[in-house]
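This is what each chain is made of:
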Amino acid sequence: MPRPQSNRVVHEPPIFTDFKPVGIRGPSLEKVELSLDEFEAFRLADNLNMSHAEAAEEMEISRPTFSRLIDQARQKVAGFIIQGKMLTINGGNIHFRTNTLHCQSCGHMFKTPIEKTISECPACQSGNL
C-alpha cells in the first residue's frame, strides 16, 4: 500500500486558471488538467530558474518527487501548446503561503499571508473583496 501523499507548499494561487487557443470554443477542446503542485513546480523551475534541489526545498518535498512533478507539468504544458488543448489549473494536495485578493469595487489586486484575515481593500477601503 502506498504511503499517503503529504501536502505540497504552493506560494500563492495562480491569477488565471484556464487557458485555451484563440478562436476555438472551449467545450469543443480536449482538456488537460495541471494540478496546483505541478503548476508550482513549473513556476519554480522554468519561470524562476531554480534548481530541482532548491525548488524541492521550497515546496517541502523530496528532490525525486519534484523531478516527477516537473516532468508531468512540462508534458501537460507541451500538450496544451502543441496539440491545442484547453489547460485548466486546479486540484492537488497543497497548502498556500499567500493569497491574492481582488477588490470588486476598484479592481485593486493584492497579496496577503494566508493566515491573515483581510476585511477591506487597502486602496479604497471597500469591504467588497
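Residues numbered from 1 in each chain as written. Predicted model: local features only at pLDDT ≥ 70, side-chain atom pairs only at ≥ 80, totals over all residues. Heavy atoms only, no water.

A few words now on the side chain of Ser35. Its location among the elements puts Ser35 in the loop between β3 (31-34) and α1 (36-47). Among the polar contacts listed, one links the side chain of Ser35 to the side chain of Asp37, at a separation of 2.3 Å. Apart from the residues within four sequence positions on either side, Ser35 is in contact with Asn90, Gly91 and Gly92. (Helix = DSSP H or I, 4+ residues; strand = E, 2+ residues; numbered from the N terminus. Polar contact = N/O pair within 3.5 Å; in protein donor to acceptor, adjacent residues only side chain to side chain. Contact = heavy atoms within 4.5 Å.)

Let's shift gears to the packing of helix α2 (residues 52-59) against helix α3 (residues 63-83). Taken N-terminus to C-terminus, the directions of α2 and α3 make an angle of 100°; their axes are 9 Å apart at the nearest point. The orientation of α2 relative to α3 falls into the category roughly perpendicular. Between α2 and α3, the contacting residues are His52, Ala53, Ala55, Ala56 and Met59 on the first element and Arg63, Phe66, Ser67, Leu69 and Ile70 on the second. Residues belonging to the contact of α2 with α3 are distributed by class as follows: 7 nonpolar, 2 polar and 1 charged. (Axes fitted to C-alpha atoms, helices over the stretch in contact; angles between N-to-C directions. Parallel < 35°, antiparallel > 145°, perpendicular 65-115°, else oblique. Nonpolar A, V, L, I, M, F, W, Y, C, P; charged D, E, K, R; others polar.)

Together, Ile15, Phe16, Phe19 and Met109 line one region of the surface with nonpolar side chains, adding up to about 410 Å² of accessible area. Among the structural elements, Phe19 can be located in strand β2 (residues 18-19). (Patch = residues over 30% accessible without salt bridge, like charges linked within 9 Å, V, L, I, M, F, W, Y side chains within 5 Å. Areas by Shrake-Rupley, 256 points an atom, 1.4 Å probe, with all protein chains shown as cover. Salt bridge = Lys/Arg side-chain N within 4 Å of Asp/Glu carboxyl O.)

Here the focus is unusual backbone geometry. Backbone geometry places Asn49, a non-glycine residue, at a positive phi of 55°. The residue Asn49 is located in the loop between α1 and α2 in this model. Among the residues examined, Asn49 registers a relative accessible area of 63% and is labelled exposed. Residues other than glycine seldom take positive phi values, yet Glu60 does so here, at roughly 60°. As for its position among the elements, Glu60 is in the loop between α2 and α3. (Buried < 20%, exposed > 50% of the residue type's maximum accessible area, 1.4 Å probe, protein only.)

Here we take up α1. Here α1 lies mainly inside the structure; 9 of its 12 residues are buried. For α1, the set of buried residues is Leu36, Asp37, Glu38, Phe39, Glu40, Ala41, Arg43, Leu44 and Ala45. At the C-terminal side of α1, Asn49 shows a positive phi close to 55°.

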